[in-house]
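Overview (structure and organization)
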Amino acid sequence: MKKIITTMVIMLAVASVAFAQPRAIGGRIGYNTEFSYQHSITDGMYVDLTAGLGNAWSYWAYADATASFDWVFNIKGIWNWFVGPAAGIGIGYGAYYRDYNYMPFRVNVGGQIGFEWEFGIPLNLTVDWRPMVNVLGFNNTHYAPYSGLFNFGVGLRYRFH
């Protein structure tokens, strides 16, 4: 019984700390169309989780998820800039890949750097660059391992405090 109560107390403490932190939800449009969730770790650091689709209307579409750990620095007033490492996974789909030596699963590593503008309301606008390099997967000539280097995006998020 003590183990159950101790486990419940620890789970409640972890949940209360997690939900006490500022977080944000929103979207990002760029190389992919993505849903975004940010969770603050400490003041000035957060984890950004995104999931989305790329080239959804073409023959070589894919879905992916990316996590980045970002440090945030204030420039002046409502302007911030952020930078940090990122990693992602993805899966390609479509009839186009059947004709090529193709591995539908991929693993990416890279980083993220950008600017953030905080409105007077709990909304913020971001402009960022998330270069990613494939370390595994998408091994055909139509998806070069460096094509994720041009991943520029604009995001809009609603902040919860």
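None of these values were measured; they are calculated from a predicted model. Numbering of residues begins from 1 in every chain and follows the order in which that chain's sequence is written. Reporting of local features is limited, given that this is a predicted model, to residues whose pLDDT is at least 70; pairs of side-chain atoms are given and counted only at 80 or more, and all residues count toward the totals for whole chains, interfaces and linings. As a rule here, side-chain values come from all non-hydrogen atoms in the structure, and water together with hydrogens is ignored.

Our focus in this paragraph is the overall build of the chain. Helix and strand definitions follow DSSP, with helices as H or I runs of at least four residues and strands as E runs of at least two, each counted in order from the N terminus. Broken down by element type, the chain carries 1 helix and 9 strands. The helix and strand sequence of the chain, counted from the amino end, reads α-β-β-β-β-β-β-β-β-β. Partly exposed residues are those whose accessible area sits between 20% and 50% of the maximum for their type, while under 20% is buried and over 50% is exposed, using a 1.4 Å probe and protein chains only. For the chain, buried positions account for 34% of its 161 residues. What makes two residues a contact is simply this: any of their non-hydrogen atoms within 4.5 Å. In the chain, the proportion of contacts linking residues at least 24 apart, taken out of those at least 6 apart, comes to 52%. Using the Shrake-Rupley algorithm and a 1.4 Å probe, accessible areas are obtained, with residue cover drawn only from the displayed protein chains. Accessible surface, the chain: about 9,600 Å² in total, of which carbon and sulfur atoms supply 75%.

Moving on, we come to the pattern of salt bridges. Salt bridge, as used here: a side-chain nitrogen of Lys or Arg that lies within 4 Å of a carboxyl oxygen of Asp or Glu. Using the criterion set out here, one finds 6 salt bridges in the structure. D48 is the salt-bridge partner of R157, the closest N and O atoms lying 3.2 Å from each other. Note that R157 is positioned in strand 9 (residues 152–160) and D48 in strand 3 (residues 45–54), a separation of 109 residues in sequence. Note on D48: relative accessible area 1%, which makes it buried.

Working definition: rings of Phe, Tyr and Trp (its six-membered ring) pair if their centres are within 6.5 Å, and the pair is stacked with planes under 30 degrees apart, edge-to-face with planes over 60 apart, and tilted otherwise. On inspection of all chains with the given rule, the structure shows 7 aromatic pairs. Both rings, one in W117 and one in F119, keep their centres 4.4 Å apart while their planes meet at 50 degrees; by these two values the pair is tilted. For F119, a relative accessible area of 30% corresponds to the partly exposed category. Taken together, the aromatic side chains of W79, W117 and F119 make up a single cluster linked through ring pairs.

The next thing to look at is the environment of G52. Along the chain, G52 turns up in strand 3. With a relative accessible area of 12%, G52 lands in the buried category. Every residue in contact with G52, bar those within four places of it in the chain, is listed here: T33, E34, Y62, A63 and D64.

Tracing the backbone shows N151 in the loop between strand 8 (132–137) and strand 9. Overall, the relative accessible area of 4% leaves N151 in the buried class. Counting of polar contacts relies on pairs of N or O atoms within 3.5 Å, with two restrictions inside protein: one atom must be capable of donating a hydrogen and the other of accepting it, and residues adjacent in sequence are counted only when both atoms are side-chain atoms. A polar atom in the side chain of N151 sits 3.3 Å from the side chain of R28. Every residue in contact with N151, bar those within four places of it in the chain, is listed here: R28, Y31, D128, W129 and R130.

Take the pairing of strand 2 (residues 33–42) next. As paired strands, strand 1 (residues 23–30) and strand 2 are joined by 7 bridges and run antiparallel to one another. Paired with I25 across the bridge in strand 2 is Y37. We treat two strands as partners when DSSP finds at least two bridges between them. The turn linking strand 1 back onto strand 2 is made up of 2 residues. Bridge analysis of strand 2 against strand 3 gives 9 bridges, and the strand direction is antiparallel. What sits directly across from Y37, in strand 3, is L49. Hairpin remark: strand 2 followed by strand 3, antiparallel, with 2 residues in the connecting loop; positive phi at G44, about 100 degrees.

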